[in-house]
Each structure stands twice: as C-alpha cells, then as structure tokens.
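Secondary and tertiary structure notes
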Amino acid sequence: MSSGRFSKAAIRAATQLTNSPRLYHSLTHLPPSPYTATQIRIFNSALNHVPDHGFVKDSLVLGCRDQGYLDSTHAVFHNGVFDLIQYHLYNERTRLASLKEVIDLEENSPHDKARRYCIERLKANQPFIERWPEALAVMGLPSNISSSVKELAELSDEIWYLSGDKSSDFDWYTRRASLSAVYSTTELYMTQDNSPDFNNTWQFLDRQLANVANLKTTLGSTSTWVAFTGMASLNLLKSQLARG
Amino acid sequence: MASKIARLAGSRKSRLPAVFQQQRVNRSLSYSATRLVENADSESAIKRPQGTTHFGFKDVPESEKETLVGEVFSSVAKSYDIMNDVMSLGIHRLWKDHFVSKIDPGRRPGGEPLSILDVAGGTGDIAFRMLDWASEVHNDHQTKVLVTDINADMLGEGKKRSLSTKYADGSRISFLVQNAEVLDSVPDDSQDLYTVAFGIRNFTNIPAALKSAHRVLKPGGVFACLEFSKVNFSLFDMIYQQYSFNVIPMMGQLIAADRDSYQYLIESIQRFPDQETFAQMIRDAGFETSGSGYENLTMGIAAIHIGVKV
Ligand SMILES: C[S@@+](CC[C@H](N)C(=O)[O-])C[C@H]1O[C@@H](n2cnc3c(N)ncnc32)[C@H](O)[C@@H]1O
C-alpha cells in the first residue's frame, strides 16, 4: 500500500526533474497540438469576437455559431473562456519558433533577440489589447493560476532557447524567473499604453531588460518568486479594475 | 412515506454516531479486505461469462438486469433523493447546480430555444434545474426538456412534482418512458443537449447508450454526463469506500428498509469505469472531447464528462 504511494511520489519527482529546465526543444520535438481541427476553428472564430465582446463565454458561443455548430457546443470546453485564453497563449508561444530565421538575420546579440521575441509576442495581444486585462483577471483566478504561471515559464524558456543565449551567467531558473517577470510586467504596462505604436511599451521593455542583470543578485533560483510576482501584479490589476 | 422520511430526519442525529461505532467495531476490517480483492479483480468485465452483465458485484444474465434495475428504482423512487444525499456526503445538489451552470442551457440573443433530452431523468431533478436556469439566466421561456427514464414510477413522481412548478402546463417539460440504450421514440439529429445525471452507471450496455446519444444529437450537440466516479486521492478513497460500503447500506436500510437495493446502488458506483476509461468510451462512440474530456468534482467522488458530436 504505502509502497504504491511512494512510487507515485518518486515518479512525480523524477518527471519534475526531467521536465526541468526545458520542457521540450521547440525546433526538434514540438509536441503535437493539444487541439483538434474543430477546436482550432472555433477558437480562431471566437478570438475575432473578443474585441467586441471581451474574454467572456459569449465570444466562445459566437465562435461555435460561426463554425456552424450550436450555441450549446461551448459546453465542451471545460474551463470556459480560460480554454480560449490558453489557446491564444499556446498558439502565440509556439508561433515564435517560426520567426527564428528572420530574427537570427535581423538581430545580433542574444539580448537583442530576446527583446525582439518579447516584442513579437506582445504584439500578438494587440488586436484585443483593451480586453487583455479581462484575460489577465481570468488567468489570475485561483483555479487557473498554476496553469497560467506554468505557461509563462514555458514562454520564458522558449524565448531564451530561441535567442540562443548560452552564457553561463544565469542558471535556468534565474533566467526563467527574470524573463517571466519582465514579460508579465511589460504585458501589463501595454494594456495601459496609449502611445503611438506602443512606443512607450517598447521603452518600458528596454528598461526592464536592462534591470535583468541586477535581478541576478536579488533572486534565488525560484519559480515561486515568479508565481508571487505574477499573482501580485494580477491582484493589483484586479483591484484597479474593481475600483473602475 | 413522508412520515418515514420525517422520522429519519429526526433520528439522524441520535442514530448516526451509533451506526458509525458499530461499523468500526464489526465490519470495517473484513470489508476493506474484501474491497482489496475486488479491486484487484476489477478487470472481471473481461472474464465475465457471455451474455451476463454486472448487477452491483453480482453477475446476472443481461436480460435480467433491466428488470432488476427497474425493481431497485421502483423500490426507492420516493426516497432516493435522501439516498443521493447520503452517497454524495450531502453535496449532490451542489454538483447538480455546477453541472447545470457548466452546460449553461438557454436561448441566447440571435439563437434558437433548445431541445434538451434528459436521460435517466428520474424525478426530473436536472430537468427542473435546467428550465430554471434557462428562464432566470437567459430569460428564455421556450427551451424544452424531454425527461426520459426506463422506470415509469420515477417519471410519475417527476410529473407530480411538475404540477407544483411554473412548468405545470407541460409546454416546456414532458415525460416519456424510454430505455436509454435504444431511445426508440427520439428522432435522429433532433437534440441540442443530452444530459444524464447519476444514471449511466445503471445501464446494461453503456456503449449502446452512448451510440444512441450520438444518434439523437444534432451536429454540434453536446453529451453531458454527471456520475459518481473514482476518487483520485488514496487516503480519501479508503475513507470513502469504508463509508460507502458500510455506512451507506445501513442508512439505506433506515431509509427504505431495502438493503439489497442500496447495496446495488453503491456497488454500481464501484463497478463504473474510471474517468479516463469513460472519456475514451465517449470518444469511441464518435464524440469529440476537449482536454481530458472530464472535470472531477470533490476529488473525483463525481465527475462531469462532456462530448460534442461534430
Ligand atoms: C439515481 S437515478 C437519477 C435520476 C436523476 N437523473 C437525478 O439525477 O436525480 C437513476 C435513474 O436511472 C434510471 N435508469 C436505469 N437504467 C436505465 C435505462 N437503461 N434507461 C433509462 N433509464 C434508466 C433509473 O430508473 C433511475 O431513475
């Protein structure tokens, strides 16, 4: 009996070890898409409705309708609109690998490449940037926060990996934590940015990236730290939204 | 009947602790030993002689099961609500509410009212909830539910119940005796939503029922199932098994003086496939699922499975 329990714990520990720091090598072993063709069609249609309706179930229902399904079809998505948000996050993260050729040509240092990947990823939120705080609020719900933090860590890993930074200044955890922090704060900043072409956001990003070197000394190797930052900023945002 | 229920409610406080104590002393050890053996043998579905099916842990000829199941539910039709309370630790109402809010039924702006089929609907618990949801959340007073069940007594109770609701005129709710495995009076491609709550584990041939569900749903229609499931946390599982095997039959006896029927109810839960296996059965019937295909409720005591006909 207890041996069964131990072995389960051991398996969990072992998988955690092998899963860290890289969950996969994006260029060589991209795992198959977790979405069916039907789901992809519905999600893509639903995202078109987000600017008008927001990150709410209505957008998902309209996506089902657009694709010739029923209003009831939305129930297949167990996490409701969070499934739509996760689809967008997954899609845009895995899209970054397709930019590698161009970015390798156009940017020189790993730092510049990482900056460029951040910008490309942030730009993907542009079509519904006014609605993005709603998405962040959903991501920050207690039932969603661990998936959200995990996705953020994967994005960070992906960007470091694609940027080809082999420097040993940072261990994986520190790099993951620092880029996650930079990305999430910039993402939040972008939702409030009215400057032309989001110029202020890119400047904000540059200042954040410049700070990364200093973060090294203040950070432990910790993803809890990321979770904390993520949660703190989301909660801050939620209280701001609540105040209107 | 009513007086019996009242008596039970009054007696719960004083008698339950005694039940627990007696169980601890007399039965728990031998029962847990039996459970381990039965768990190890849970693949017995494969070894079962041809033409037989499970009735709880007893194998019976398939032709007999339907009658046996019918008897179980006839004998408990009026008190099974209390039984549900006991088996779900009192939270089946929360699960049902969650189930209905998750499928979120009702006509939406620019959309059509829904045709909903509630299978193994019994006394209409889920059906009334769905109609209330459609009316109150979507201001939809047209969506209809057809409640089907193999047992006319259960449906009779439901019909009686409907007379004291705002659906008394029968324009939004109707009742029809139907075997879920066949659904012979329900046309192909006719339903937006198929719900089955705490019913499917009683079916003799679950794949046949899933096939029928697929047949009657419109393309894009949703199959939604709420059912007792496998607890995914071993310590809690042990406690729940003790509770369900020892305490629940005793409670059943108190409630309906029909220990065998309740033993069946509990054993049918134990025999029902785990979440992953059932999700695969749903896909095998032609449905598409999203993610794992299910959501666990209360550490897996129950689960909601959803499939869509594409
Ligand atoms: C526990 S009750 C659930 C009733 C209701 N859905 C609820 O959640 O309150 C199970 C029901 O399944 C019905 N049932 C069992 N086998 C069936 C079958 N083959 N076809 C249709 N209904 C069946 C029983 O008659 C009983 O009413």
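Focus on the overall build of chain A
- Helix and strand counts for chain A stand at eleven helices and zero strands.
- Written out in order from the N terminus, the α and β elements of chain A read α-α-α-α-α-α-α-α-α-α-α.
- Restricting to contacts in chain A with at least 6 residues of sequence separation, those with at least 24 account for 70%.
- Looking at chain A as shown, the accessible area adds up to about 12,100 Å², and 55% of this sits on carbon and sulfur atoms.

Quick word on the packing of aromatic side chains
- A full pass over the atoms with the stated rule returns 17 aromatic pairs over all chains.
- Here the aromatic cluster, defined as three or more aromatic residues joined through ring pairs, consists of Tyr-35, Phe-43, Phe-77, Tyr-87 and Tyr-90 of chain A.

Thoughts on the interface of chain A and chain B
- Chain A puts 19 residues into the contact, and the matching count from chain B is 28 residues.
- Applying the counting rule to chain A against chain B returns one salt bridge.
- Between Asp-104 of chain B and Lys-57 of chain A there is a salt bridge; the shortest N-O distance is 2.8 Å.
- Taken together, the connections running from chain A to chain B amount to nine residue pairs in polar contact (both at pLDDT 80 or more).
- Looking at the side of chain A that touches chain B, the elements that each hand over two or more residues are helix H2 (37–53) and helix H3 (57–66) of chain A.
- Here the side of chain A that touches chain B gets three residues from one element, more than from any other, and that element is H3 of chain A.

What about the confidence of the model for chain A?
Residues and elements named next belong to chain A.
- Across chain A, the average pLDDT comes to 79, with 71% of residues at 70 or higher.
- With pLDDT under 50 throughout, residues 1–28 is counted as low confidence; its partners more than four residues away or in other chains account for 27 contacts.
- Note that residues 216–229 has pLDDT below 50 and, in this model, 19 contacts with residues that lie over four places away or in other chains.

A closer look at the pairing of strand S5 (residues 173–177) of chain B
All names here are of chain B.
- Relative to S5, strand S4 (residues 144–149) runs parallel, the two being bridged by five bridges. Of the residues in S5, the one forming a bridge with Val-145 is Ile-173.
- Assessed by its sense of winding, the connection that carries the chain from S4 through helix H8 (residues 152–162) to S5 is right-handed.

Considering the packing of helix H4 (residues 81–95) of chain A against helix H7 (residues 132–139) of chain A
Residue and element names in this part refer to chain A.
- Two numbers describe how H4 lies on H7: the axes approach to 10 Å, and their chain directions differ by 110°. Taken together, the axis directions place H4 and H7 in an arrangement best described as roughly perpendicular. Of the residues in H7, those in contact with Val-81, Phe-82, Ile-85, His-88 and Leu-89 of H4 are Trp-132, Ala-135, Val-138 and Met-139.
- Grouping the constituent residues of the contact of H4 with H7 by class yields eight nonpolar, one polar and no charged.

Overview of the confidence of the model for chain B
Residue and element names in this part refer to chain B.
- Across chain B, the average pLDDT comes to 78, with 67% of residues at or above 70.
- Note that pLDDT drops below 50 for residues 1–49; the model gives that stretch 47 contacts with residues more than four away or on any other chain.
- Among the prediction metrics, the complex's ipTM stands at 0.72, with pTM recorded as 0.75.

Looking at the nonpolar core
- One finds Phe-55 and Trp-132 of chain A together with Leu-226 of chain B to be the most contacted residues of the largest nonpolar core, which totals 87 residues.
- Those residues in contact with Trp-132 of chain A that lie beyond four places of it in its chain are Phe-55, His-88, Leu-89, Asn-125, Met-139, Glu-187 and Thr-191 of chain A.
- The next biggest cluster of nonpolar side chains, apart from the first, holds 22 residues, and it includes Ala-180, Tyr-194, Phe-223 and Ile-282 of chain B.

Brief notes about a nonpolar patch on the surface
- A cluster of nonpolar side chains, contributed by Leu-235, Met-238 and Ile-239 of chain B, occupies part of the molecular surface with about 280 Å² of accessible area.
- Given the relative accessible area of 49%, Ile-239 of chain B is considered partly exposed.

Side note on the pattern of salt bridges
All names here are of chain A.
- This structure, assessed with the given rule, holds 25 salt bridges over all chains.
- Across the pair Arg-93 and Glu-154 runs a salt bridge whose closest N-O atoms are separated by 3.0 Å. Placement of the pair is Arg-93 in helix H4 and Glu-154 in helix H8 (residues 145–163), with a sequence separation of 61 residues.
- Of the residues examined, Arg-93 reaches a relative accessible area of 3% and is grouped as buried.

Calculation criteria
- Residues numbered from 1 in each chain as written.
- Chains lettered and ligands numbered in written order.
- Predicted model: local features only at pLDDT ≥ 70, side-chain atom pairs only at ≥ 80, totals over all residues.
- Heavy atoms only, no water.
- Helix = DSSP H or I, 4+ residues; strand = E, 2+ residues; numbered from the N terminus.
- Contact = heavy atoms within 4.5 Å.
- Areas by Shrake-Rupley, 256 points an atom, 1.4 Å probe, with all protein chains shown as cover.
- Phe/Tyr/Trp six-rings, centres within 6.5 Å; stacked < 30°, edge-to-face > 60°.
- Salt bridge = Lys/Arg side-chain N within 4 Å of Asp/Glu carboxyl O.
- Polar contact = N/O pair within 3.5 Å; in protein donor to acceptor, adjacent residues only side chain to side chain.
- pLDDT = per-residue confidence, 0-100.
- Pairing = 2+ DSSP bridges.
- Right-handed = clockwise from strand over helix to strand, strands pointing away.
- Axes fitted to C-alpha atoms, helices over the stretch in contact; angles between N-to-C directions.
- Parallel < 35°, antiparallel > 145°, perpendicular 65-115°, else oblique.
- Nonpolar A, V, L, I, M, F, W, Y, C, P; charged D, E, K, R; others polar.
- Core = buried A, V, L, I, M, F, W, Y, C linked by side-chain atoms within 4.5 Å.
- Buried < 20%, exposed > 50% of the residue type's maximum accessible area, 1.4 Å probe, protein only.
- Patch = residues over 30% accessible without salt bridge, like charges linked within 9 Å, V, L, I, M, F, W, Y side chains within 5 Å.

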